[in-house]
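# Close look at the chain arrangement
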Amino acid sequence: MPGMVVFGRRWGIASDDLVLPGAFELFIRVLWWIGILTLYATRKGKFDCHGGALLHSYLIVLLVLLAFIILTLCAIVYVSAQGTIMNPGPRRSVPALVYLRALLYIPELVWACLGAVWVSDDSGGCEPAEVGIVLGTVVASWIILLSMFVGVLIVFDPLGSLRGPVPIGQYSGLRDLESSESSQLFYSARSLAVRVWESRLRLLCCCLPQDDNHRAAFSSIAQLVSGFFSDTDLVPSDIAAGLALLHQEQDKVEQFMTAIFSCTVYHPAVCEQREDLEIELEKAAHCMQFAVAAYGWPLYVYSNPFTGLCKLSGDCCRNPRAEYDLVGGDNLGCNFNSILHVTGLQYRDFIHISFHNQIYEIPFFVALDHKREAVLVAVRGTLSLKVVVHLCITLNSNLSFSLCLSVQQGISQAANYIYKKLVNDGILSQAFSIAPEYRLVITGHSLGAGTASLLAVLLRSTYPTLQCYAFSPPGGLMSKALAEYSKQFVVSVVLGKDLVPRLSIPNMEDLKRRILKMVSNCSKPKYKILLHGCWYEVFGGTPDDFPTEMENRREEELSQPLLGGGSLLVQGSTSYQSLSSDDSPTHSTHLPLYLPGRIMYITEDGPTRSSCRSVRYRAEWSSEMAFRSVLISPRMIADHMPDVVLRALHSLTSDRPFSLCPSSLSNSHLNVI
């Protein structure tokens, strides 16, 4: 940190990122050099084939060239391993070593070409071992050169030419954007960053139609992503190191709090909400089956890898339109039959099924749930790239109902789409004409949970007894007032360290602040942080012992020049101001948004707990404060998967006597770090 400056531009790699790739190449080069030296020593004086003299000269020059490369790599690895992330001073010579290493690619390329010519033209009569060694040398050279080219493409920063070093005396110009020169530079950099990210998104989602709606969604996402770290000079490895440090710090705090609370004796009054929790768990486990069913055949086959295809194969090719009045979409036969298998309903119980999947228009189905006497609306969650673009977060948009409060625009438009289908097309009227005594229940997972929550708000005035069960809803969905209002009829279910319910702009700003604090105060080299972090993530163990706060380090040190006259932060930025304050939460410029309704928080217990019976999961009512920071864990994605959430709910409902008491340890303590 910051990005290394070579060849007149900044790159997406720092001077301390060359240890591991350099050591790997060094290992390959040493083995290569030993192999060539062994061949030369054993065949010395015996190069009597047609091209023997040329081979002799070729091997000598190759040995010398490899020796120079090995020495250069040793110097690069050694120097790059010096200092810390925030102390690049001992690595000042890395750019010069990079220039030297780049120059050595030229003779290596020439020698690889000469070796290829010798193998094709002058290797006749030579020993197969000699020809094989030279051929292997040529192939290895081209593989390394190609790997170097791919690596350059990976670390290339399109904004490198606009992110040159800024003299210290000109920081005030960055704060005062009324200055025409600094304003133009800032605007050009931001515009280019947005275009770069928009191009990346279009490449990633190349299968999607390039209509106006998709282009608008890509533009919104690009503006959000490009601006997130625009006020810092972090490279990807810095972020990875910060996440590794933060994960271990969070685990240390969790272990400490567990040790404190593990032997605490609680009065029976703490279980006074157990009956309510038990009832809601039963309902949630039942509704989660419908939320899972809404994903259709892909999730069904994923959850049943050995039998899923066999069960659906006889039904996928049938056309249900001839037998049932259903509204379709792609693969309706497979999707409909997977829904039947998951929910256990009959064909006649379905009122409407739509797998129409376009921007802001997501699949859903309406069915009669006779077991719970409910008209159930299940909204599908994120399953394809077409749905991912719904998560473009454009804040301060208004819903067309009386509260007029801020929500995510993409989810709001999806909720309005389903609302119009249910009301204007008479779908709900048809359902309640069949079962007028039933109540309305809405459910969904992930994006479907957010859409279901807003849909419930829209329908609340017409159906005052409706209930909504939102599983793993996206964070930052509702304003404080709307979240409080929704507690009357919405229950959100969150499992473990799921990332999505904690994913909001204020939380991401807080995560950035914590990453900056971690990397700025850690006294270990980056390669040690990454190696220990990888080991810890894969094999577990004891969290590393490192400082957790900045102590006396404040913005003065962060703004000091680093490599090439750069600095960690742009003065006057949000991150700069948050680090200059005390350890209070980041003062976000964005409106704080919250999860919908009451929050049922499910966490996984360890295999053994002192003075407690071993259980797999525990459930408790939680507050929105428990989700005001992102928890780093390998489970942060797995805990979001719908099949994992369903398994946790089934585990709880089958083992209620030991898992429903409020937890002895509230997870909200993780927000203090």
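Residues numbered from 1 in each chain as written. Predicted model: local features only at pLDDT ≥ 70, side-chain atom pairs only at ≥ 80, totals over all residues. Heavy atoms only, no water.

Helix and strand content of the chain: 24 helices and 12 strands. When the 673 residues of the chain are sorted by exposure, 51% land in the buried category. In the chain, of all internal contacts separated by at least 6 residues, the share reaching a separation of at least 24 is 75%. With an accessible surface of roughly 30400 Å², the chain has 61% of that area assigned to carbon and sulfur atoms. (Helix = DSSP H or I, 4+ residues; strand = E, 2+ residues; numbered from the N terminus. Buried < 20%, exposed > 50% of the residue type's maximum accessible area, 1.4 Å probe, protein only. Contact = heavy atoms within 4.5 Å. Areas by Shrake-Rupley, 256 points an atom, 1.4 Å probe, with all protein chains shown as cover.)

A separate point is the pairing of strand β3 (residues 350-354). Consecutive residues of a regular strand have side chains that alternate between opposite faces of the sheet. A large share of β3 lies buried, amounting to five of its five residues. Pairing of β3 with strand β4 (residues 364-369), which is carried by four bridges, proceeds in the antiparallel orientation. Bridge pairing in β4 links I353 to F365. (Pairing = 2+ DSSP bridges.)

This paragraph deals with the sheet that holds β4. Picture the strands of a sheet paired through backbone hydrogen bonds; they go either parallel or antiparallel. Pairing within the open sheet is mixed, and its eight strands lie in the order β3-β4-β5-β8-β9-β10-β11-β12. Looking along the sheet, the strands with just one partner apiece sit at the ends: β3 and β12 (617-622). Taken pair by pair, the neighbouring strands of this sheet meet at an average axis angle of 20°, ignoring direction. Running at roughly 155° to strand β8 (residues 439-445), helix α16 (residues 447-459) makes contact with β5 (374-379), β8, β9 (467-471) and β10 (490-495) of the sheet. (Axes fitted to C-alpha atoms, helices over the stretch in contact; angles between N-to-C directions.)

The next thing to look at is the environment of S472. Tracing the chain through its elements places S472 in the loop between β9 and α17 (480-486). Taking relative accessible area as the criterion, S472 reaches 0% and is therefore assigned buried. A polar atom in the side chain of S472 sits 3.3 Å from the side chain of D498. (Polar contact = N/O pair within 3.5 Å; in protein donor to acceptor, adjacent residues only side chain to side chain.)

An ideal rise of 1.5 Å per residue puts 40 Å on 28 residues; helix α4 (residues 128-155) measures up with 40 Å between its terminal C-alpha atoms. All buried positions along α4 are accounted for by E130, V131, V134, T137, V138, S141, I144 and L145. Buried residues along α4 sit in contact with α1 (19-43), α2 (52-80) and α3 (94-121). (Expected span 1.5 Å × (residues − 1).)

With that out of the way, let us pick up the UniProt feature "transmembrane region" (unreviewed entry) in the chain. Mapped onto the present numbering, the UniProt feature "transmembrane region" (unreviewed entry) falls at residues 20-41, 53-78, 98-119 and 131-156. Summarising residues 53-78: 100% helix, 0% strand, and an end-to-end C-alpha distance of 38 Å. Spanning residues 131-156, this segment combines 96% helix with 0% strand, and its end C-alpha atoms are found 37 Å apart. (UniProt positions renumbered as here; feature names shortened; annotations may be inferred.)

With that settled, the discussion passes to the packing of α3 against α4. Each pair of packed helices can be summarised by the angle the axes make with each other and by the distance between the axes. As a packed pair, α3 and α4 sit with axes 9 Å apart at the nearest point and diverge in direction by 140°. As for how α3 packs across α4, the hand of that crossing is left-handed. Within the contact between the two elements, α3 uses Y105, E108, L109, A112, C113, G115, A116, W118 and V119 and α4 uses V131, V134, L135, V138, S141, W142, I144, L145 and M148. Classifying every residue of the contact of α3 with α4 by side-chain character gives 15 nonpolar, two polar and one charged. (Left-handed = near helix turned anticlockwise from the far one by under 90°. Nonpolar A, V, L, I, M, F, W, Y, C, P; charged D, E, K, R; others polar.)

Positive phi, close to 55°, is recorded for F7, a residue that is not glycine. Positionally, F7 belongs in the loop between β1 (5-6) and β2 (9-10). You will see that S446, though not glycine, has its phi angle at about 65°, which is positive. Along the chain, the position of S446 falls in the loop between β8 and α16. Judged by relative accessible area, S446 falls into the buried class, the value being 6%.

Let us look at the packing of aromatic side chains. With the rule as written, the count across this model stands at 10 aromatic pairs. Note on Y58 and W111: the rings are 5.7 Å apart at their centroids and 0° apart in plane angle, and the pair reads as stacked. Of this pair, Y58 sits in helix α2 while W111 sits in helix α3, and the two are 53 residues apart along the sequence. Through pairs of rings, three or more aromatic residues link up here, namely F336, Y347, F350 and F365. One cation-aromatic arrangement involves R101 over Y105; the distance from NZ or CZ to the ring centre is 3.9 Å. A cation sits over an aromatic face here: K480 above Y594, 5.2 Å from the ring centre. (Phe/Tyr/Trp six-rings, centres within 6.5 Å; stacked < 30°, edge-to-face > 60°. Lys NZ or Arg CZ within 6 Å of the ring centre and 35° of its normal.)

A separate point is the packing of α1 against α2. Where α1 contacts α2, the two axes come as close as 9 Å, and the packing angle between them is 155°. On the basis of the axis angle, α1 is roughly antiparallel to α2. Once α1 is placed against α2, the crossing between them reads as left-handed. Residues belonging to the contact of α1 with α2 are distributed by class as follows: 21 nonpolar, three polar and two charged. (Parallel < 35°, antiparallel > 145°, perpendicular 65-115°, else oblique.)

Looking now at the nonpolar core. If you look at the biggest cluster of nonpolar residues, it comprises 42 residues, and the most contacted ones within it are M288, F350, F365, F471, V493, I602 and L649. Looking at this core, the element that brings in the most residues is helix α9 (residues 274-293), giving 10 residues. In this view, I602 contacts V493, V494, L495, G496, Y617, R618, A619, A648, L649 and L652; residues no more than four positions away in its chain are not counted. Counting 40 residues, the second largest nonpolar core, distinct from the first, contains I351, F364, A414 and A483. (Core = buried A, V, L, I, M, F, W, Y, C linked by side-chain atoms within 4.5 Å.)

This paragraph deals with a nonpolar patch on the surface. The grouping of L146, F149, V150, L153 and I154 at the surface amounts to a nonpolar patch, some 530 Å² of accessible area in total. Here L146 is to be found in helix α4. Here L146 falls in the exposed class, since its relative accessible area comes to 53%. (Patch = residues over 30% accessible without salt bridge, like charges linked within 9 Å, V, L, I, M, F, W, Y side chains within 5 Å. Salt bridge = Lys/Arg side-chain N within 4 Å of Asp/Glu carboxyl O.)

With that settled, the discussion passes to the pattern of salt bridges. One pass over the structure, following the stated rule, counts 20 salt bridges. Between R91 and D16 there is a salt bridge; the shortest N-O distance is 3.8 Å. Of this pair, R91 sits in the loop between α2 and α3 while D16 sits in the loop between β2 and α1, placing them 75 residues apart in sequence.

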